[in-house]
Each structure stands twice: as C-alpha cells, then as structure tokens.
Amino acid sequence: MPNSEFIDLRSDTVTQPTPAMRQAMADAVVGDDVLGDDPTVARLEERVAARFGKPAAVFVPSGTMANQVSIRAHTQHGDEIICHRLSHIYQYEAGAPAVLSGCTFAFLEGERGMFSADDVRGAVRADDEHFPRTSLVVIENTQNRGGGAIWPVADVAAIGATAHELGLKVHLDGARVMNACVAAGVAPDAYGKHVDSVSICFSKGLGAPVGSAVAGDADFIKQARRARKMFGGGMRQSGILAAAALHALDHHVDRLAEDHANAKRLAERIANIPGITVATPETNIVYFNIDARLGKALAFTEKLAANGVWMFDVGPQRIRAVTHLHISSDMIDQAADIIARTAR
Ligand code: TLP
C-alpha cells in the first residue's frame with residue numbers, strides 16, 4: 001500500500017492496487033492475448049466497447065499508447081493533426097505523433113484547453129499540394145493542462161459533426177473520461193457516439209496498476225491492433241492486468257466523486273492564502289499560481305515536499321495537485337495547512 005508518510009498529490013497515476021484488486025488479479029483466467037487467447041482481456045475489451053457504444057476495443061499498456069495507436073490508425077505520414085496546444089499528445093508524449101506516425105500539428109488556443117467546431121473549420125487545410133493533409137482532430141476530456149476541464153457533450157457533438165462533414169476523423173483522449181462522466185452525470189457513450197475513437201486509462205483515478213484501452217469501429221480496431229504490435233505493446237498473459245481494470249470499472253468509478261470533492265476542498269482551503277491564486281477545479285486536478293514574492297514554483301514544491309506534501313511544479317509560478325484513491329479529506333486539510341505555513 002502507499003507510503004503513508006507523504007501526501008502524494010503529484011498525480012492520480014501514483015495509485016496502487018487495493019487488496020481486493022490484487023485478489024481479482026490473482027484470480028484472473030489468462031491466455032496468450034497476442035494469439036487472441038486471453039478471456040479476461042476479451043471481457044474487458046467487450047465492456048469498454050459497450051460503455052462507449054462502439055463495436056470493438058483493444059487493451060494497451062498505457063494512455064500514451066492508446067493515443068499513439070489511434071493516431072497511427074487514423075492518419076498517414078505527412079498528415080496534420082488539429083489539437084489544442086495544451087494537449088497531452090503534444091506536450092507529454094515525447095513527440096510520438098511525429099516519430100511514430102509522421103504527423104505535424106495545427107494548434108488551437110481556446111481557454112481551459114477547449115476549442116469550437118468553428119475553430120476546427122478554420123484550421124483545416126485547403127486541398128493544395130503545398131499543404132499537409134488535415135486528417136484528424138484530437139479532443140482531450142478531461143483536459144489535463146486545462147485544469148481537469150470537462151468537455152460539454154454538445155461541444156464534442158458539434159466538433160464531431162463538423163469534422164465528419166470535412167472528412168476528418170476525431171479521437172478523444174479519454175485518459176480521465178470517467179472523471180468527466182461522473183462529474184457531469186453523463187454516460188460514456190454520450191461522448192463515444194460523436195467521435196471515431198475514444199481511449200480510457202485504468203491506471204489513473206481508476207486505480208489499476210497498468211493499462212488503457214481504445215474503442216472504435218472494427219476496421220479502426222484492426223489497424224490499432226497492428227499499430228500496437230508494431231509499437232511493441234502486444235502483451236501475452238495480460239488478463240492479470242485486465243482483471244485489475246475490470247475491478248476498477250466495477251468498484252472505482254462512482255467514487256471519483258470523492259476525488260472531485262477533495263479537489264474542491266483543497267482549492268477552497270488555499271484560496272484565501274495571500275500570494276496564491278486558484279481556480280475552482282471541475283474534477284480532480286487543481287492548478288494554482290504563486291506570486292513572485294513566494295518564490296518560484298519549483299522551490300515552493302521542494303519546501304512542501306520537505307514537509308511531506310508532494311506536488312508538481314508545471315510552470316515557473318504554477319503548481320499542480322491531483323486528488324485520487326489514496327487521498328482523504330483529512331489529508332487535504334493537512335496539505336492545505338502545510339501550504340499556508342510554507343507561504344507564510
Ligand atoms: N498524464 C500524466 C503525465 O504524463 C502528465 C499525468 O500525471 O497527468 N492523456 C492524458 C490526458 C494524460 O493526462 C496522460 C498522463 C496520458 C494521456 C498518458 O498516459 P500514460 O502515462 O499512461 O501513458
């Protein structure tokens with residue numbers, strides 16, 4: 001179980017499998033999934049496909065691979081991807097769309113990592129041999145760098161309709177899509193039906209140790225499976241991991257509301273600290289800025305860490321805290337007190 005000496009708010013990726021999840025993993029019936037023999041992986045893929053209202057799904061090792069197999073399946077080398085400048089696929093995936101799929105980006109710049117169907121229309125290239133071919137739009141829900149922001153279903157629907165009218169595909173990076181669904185009271189297929197592919201991560205707020213999945217139509221999933229193999233993500237007895245993901249879907253979805261409440265609690269508790277500016281979080285990610293008189297974010301997080309609170313600096317004056325399965329409201333109160341003391 002997690003180290004209880006620290007209040008670890010660096011990310012929801014730090015969650016560890018609970019005893020019940022470990023038991024489900026130990027009990028999993030497994031087979032060689034590259035040969036199509038693992039019944040637990042098959043069960044997970046069916047569950048994910050059904051949740052997003054798609055015909056098929058594929059289990060992959062990480063959220064990054066879910067995005068990258070999707071990009072590879074939807075594009076050709078030399079294509080351009082429309083996405084927000086803050087998107088994970090650009091900021092945090094080591095340039096993979098360029099390296100693995102030969103794609104460039106056209107960036108959109110809206111508030112909180114959001115953009116509109118009109119923005120997409122404006123970014124599409126004309127059919128001219130000078131230009132890259134625009135082929136894909138990527139939406140991130142929740143939007144990590146946008147503050148864990150939730151995409152309204154209507155906006156995803158409008159972007160889906162416009163993209164399809166223009167002959168583009170839409171991929172939804174749903175690393176935290178269940179946070180969006182729980183917070184907004186929306187079913188996953190309400191998002192799924194407007195996009196061509198949608199991913200989900202089990203190893204973030206859902207608390208599984210490893211694993212993501214991507215859902216789409218049968219032809220897309222066939223291409224995505226080929227890309228998964230090509231990128232080295234074909235796994236053998238991965239039912240042991242799929243069992244953790246199934247357990248997460250059964251037991252850890254509704255409780256995401258606690259993480260959202262704890263994120264709000266943290267924001268409320270630190271909002272009045274002189275020198276700190278914080279926006280109300282929509283889900284489980286809290287970003288706050290510190291004034292120059294409190295020093296740089298890196299030095300501030302080092303002081304917090306020395307007092308047992310771990311967070312990431314994400315800019316010269318900007319800090320991120322993420323709530324999750326192992327964070328209680330008491331820990332939030334302790335963390336807020338330590339932030340107040342550090343600021344003083
Ligand atoms: N995000 C991580 C870091 O990479 C920043 C985090 O701590 O938040 N899509 C989104 C929206 C993500 O936030 C992440 C991980 C991924 C994809 C990639 O997932 P993994 O780490 O499983 O490859």
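Given the structure is predicted, the values throughout are model-derived calculations rather than measurements. (Residues numbered from 1 in each chain as written. Predicted model: local features only at pLDDT ≥ 70, side-chain atom pairs only at ≥ 80, totals over all residues. Heavy atoms only, no water.)

Participant: Help me understand the site of the ligand in this model?
Facilitator: Close contacts around the ligand come from 15 residues, with S11, T64, H88, D173 and R176 the closest. Here an oxygen atom of the ligand sits 2.6 Å away from a polar atom, N or O, in the side chain of T64. Bound to the protein, the ligand loses 82% of the 510 Å² it would expose on its own. If you tally residues by element for the shell around the ligand, the top one is helix 3 (residues 63-74), at three residues. For the shell around the ligand, the per-class residue count stands at two nonpolar, seven polar and six charged. (Near = heavy atom within 4 Å. Polar contact = N/O pair within 3.5 Å; in protein donor to acceptor, adjacent residues only side chain to side chain. Areas by Shrake-Rupley, 256 points an atom, 1.4 Å probe, with all protein chains shown as cover. Helix = DSSP H or I, 4+ residues; strand = E, 2+ residues; numbered from the N terminus. Nonpolar A, V, L, I, M, F, W, Y, C, P; charged D, E, K, R; others polar.)

Participant: Where do I start with helix 8 (residues 177-184) in this structure?
Facilitator: Along an α-helix, residues three or four apart share an orientation, since each turn contains 3.6 residues. Residues of helix 8 that are buried: V177, M178, N179, A180 and C181. The secondary structure elements touched by the buried residues of helix 8 are helix 2 (39-52), strand 6 (169-173), helix 9 (188-192), strand 7 (197-201) and helix 12 (256-271). Two residues or fewer past helix 8, G185 is found with a positive phi of approximately 65°. (Buried < 20%, exposed > 50% of the residue type's maximum accessible area, 1.4 Å probe, protein only. Contact = heavy atoms within 4.5 Å.)

Participant: Please explain the sheet that holds strand 8 (residues 212-216) as it appears in this structure.
Facilitator: Within a sheet, adjacent strands bond to each other through the backbone by hydrogen bonds, running parallel or antiparallel. One open sheet accounts for seven strands, arranged 2-8-7-6-5-3-4; its pairing is mixed. Unpaired on one side and paired on the other, strand 2 (56-60) and strand 4 (104-108) mark the two borders of the sheet. Between one strand and the next, the sheet's axes are offset by a mean angle of 20°, whatever the strand orientation. Note: strand 6 against strand 7, two bridges, orientation parallel. Residue L172 lies in a different strand from strand 7, and its bridge partner there is V198. Along the sheet, helix 2 makes contact with strand 2, strand 7 and strand 8, crossing strand 2 at roughly 125°. (Pairing = 2+ DSSP bridges. Axes fitted to C-alpha atoms, helices over the stretch in contact; angles between N-to-C directions.)

Participant: How should the state of the cysteines be read in this particular structure?
Facilitator: Covalently bonding the sulfur atom of one cysteine to the sulfur atom of another cysteine gives a disulfide. Per the stated rule, a full pass over the model turns up zero disulfides. With no disulfide partner, C103 has as its closest neighbouring cysteine sulfur the one in C83, 11 Å distant. Its sulfur unpaired, C181 is 14 Å from the next cysteine sulfur, which belongs to C201. (Disulfide = S-S within 2.5 Å.)

Participant: Looking at this structure, how should I read the pattern of salt bridges?
Facilitator: Where charged atoms of side chains with opposite charge meet at close range, the side chains can pair. Applying the stated criterion across every chain, the model contains 17 salt bridges. A salt bridge links D79 to R133; the shortest N-O distance between them is 2.9 Å. Of this pair, D79 sits in strand 3 (residues 79-84) while R133 sits in strand 5 (residues 133-140), placing them 54 residues apart in sequence. Under the relative-accessibility criterion, D79 is labelled buried at 3%. You can call R133 partly exposed: its relative accessible area is 46%. (Salt bridge = Lys/Arg side-chain N within 4 Å of Asp/Glu carboxyl O.)

Participant: I'm lost on unusual backbone geometry in this one. Help?
Facilitator: Peptide bonds are, in most cases, trans, and in most cases residues other than glycine have a negative phi. Cis peptide bonds are those with omega within 30 degrees of zero, and the linkage from N141 to T142 qualifies with 0°. Looking at the element boundaries, T142 is found in the loop between strand 5 and helix 7 (153-165). Phi angles above zero are rare outside glycine, and A94 is one such case at about 60°. Examined against the element boundaries, A94 turns out to sit in the loop between helix 4 (88-91) and helix 5 (96-101). Located in the positive-phi region is R112, a residue other than glycine, with phi close to 55°. Turning to its location among the elements, R112 is positioned in the loop between strand 4 and helix 6 (117-123).

Participant: Explanation requested: the domain arrangement of the protein in the structure shown.
Facilitator: Per the domain assignment, the segments of the protein are domain 1 (19-251) and domain 2 (255-343). Between the C-alpha centres of domain 1 and domain 2 the distance comes to 28 Å. On the domain 2 side, the residues contacting the 17 residues of domain 1 number 12 residues. Between domain 1 and domain 2, the buried area comes to about 1,300 Å², and carbon and sulfur atoms account for 52% of it. Between the two partners, domain 1 and domain 2, sit one salt bridge. (Domains from an automatic or database assignment. Buried area = accessible area lost by both parts, 1.4 Å probe.)

Participant: Would you explain the side chain of S238 in this entry?
Facilitator: Here S238 shows up in the loop between helix 10 (218-230) and helix 11 (239-251). The class of S238 is buried, set by a relative accessible area of 2%.

Participant: I'm lost on the sheet that holds strand 12 (residues 312-315) in this one. Help?
Facilitator: As summarised here, the arrangement of the four strands in space is 9-10-13-12, forming an open sheet in which the pairing is antiparallel. The sheet is open, and its two edges are formed by strand 9 (276-278) and strand 12, each paired on a single side. Shown here is a sheet whose adjacent strand axes are inclined to one another by a mean of 35°, direction ignored. The sheet contact formed by strand 10 (residues 285-290) and strand 13 (residues 318-322) spans five bridges and is antiparallel. Counterpart to Y287 in the pairing with strand 13 is R320.

Participant: Can you help me understand the pairing of strand 10 in this one?
Facilitator: Extensive coverage of strand 10 is indicated by the burial of five of its six residues. Looking at chain direction, strand 9 and strand 10 are connected through three bridges and run antiparallel. Counted as the bridge partner of T277 is N289 from strand 10. The hairpin formed by strand 9 and strand 10 contains six residues between the paired strands.

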